[in-house]
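# Coordinate inspection notes
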Amino acid sequence: MPNAIQPKQVIPAKFITVLANESNAEEPGYGFVGAMAGFIFYWLAFSVPFFFYGANALFFMLYTWPFFLALIPVSVLIGLIFSVLLNGRLLWMIPCIGIAVFCLFWSVFALLTGW
């Protein structure tokens, strides 16, 4: 146990330089791309009922907005999962995210409208 009367010693800082090719192995950044794709596809799926039903969809959304608001983190998570599972392959990742988010949105929309 250190004595309270003893002076404290300063330990000098050590700086380590890392070469560019010896950088730490970090997770690739394609998870962000997938999350953004999920977010963008959510808003595209959100706009589709307005094209089909016009102002009636707006009144419907006013009453059921918490259900659709809860789909935002789910669609971002879907985009993140697909981007990690497909290792950032954009040609497979983007359509899979789009189909999954649109199906999720429309299943909730159909469930709430009673079709």
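Structure: above.
No experiment lies behind these values; they were computed from the predicted model shown.

### Thoughts on helix α1 (residues 30-53)
Across its 24 residues, α1 extends 36 Å between first and last C-alpha, which sits within 8% of the 34 Å expected from 1.5 Å per residue. Of the residues making up α1, those classed as buried are Y30, G31, G34, A35, A37, G38, F41, Y42, A45, V48 and P49. One or two steps after α1, the chain reaches G54, where phi turns positive at roughly 70°.

### Side note on unusual backbone geometry
A positive phi angle, close to 55°, is found at N87, a residue other than glycine. Examined against the element boundaries, N87 turns out to sit in the loop between α3 (71-85) and α4 (90-113).

### Focus: a nonpolar patch on the surface
On the surface, a nonpolar cluster with roughly 590 Å² of combined accessible area is contributed by F32, M36, F39, I40, W43 and L44. Assignment of secondary structure puts I40 in helix α1. Residue class for I40 comes out partly exposed when judged on its relative accessible area of 48%.

### Digging into the environment of V74
Within the secondary structure, V74 is located in helix α3. Since its relative accessible area comes to 35%, V74 is described here as partly exposed.

### So, the packing of α3 against α4
For the pair α3 and α4, the least separation of the axes is 9 Å and the interaxial angle reads 155°. By the criterion of interaxial angle, the relationship of α3 to α4 is roughly antiparallel. Pair α3 / α4 crosses with right-handed handedness. On the side of α3, the interface is formed by L71, V74, S75, I78, G79, F82 and S83, while α4 contributes M93, C96, I97, A100, V101, L104, F105 and V108.

Conventions and cut-offs
Residues numbered from 1 in each chain as written. Predicted model: local features only at pLDDT ≥ 70, side-chain atom pairs only at ≥ 80, totals over all residues. Heavy atoms only, no water. Helix = DSSP H or I, 4+ residues; strand = E, 2+ residues; numbered from the N terminus. Expected span 1.5 Å × (residues − 1). Buried < 20%, exposed > 50% of the residue type's maximum accessible area, 1.4 Å probe, protein only. Patch = residues over 30% accessible without salt bridge, like charges linked within 9 Å, V, L, I, M, F, W, Y side chains within 5 Å. Areas by Shrake-Rupley, 256 points an atom, 1.4 Å probe, with all protein chains shown as cover. Salt bridge = Lys/Arg side-chain N within 4 Å of Asp/Glu carboxyl O. Axes fitted to C-alpha atoms, helices over the stretch in contact; angles between N-to-C directions. Parallel < 35°, antiparallel > 145°, perpendicular 65-115°, else oblique. Left-handed = near helix turned anticlockwise from the far one by under 90°. Contact = heavy atoms within 4.5 Å.

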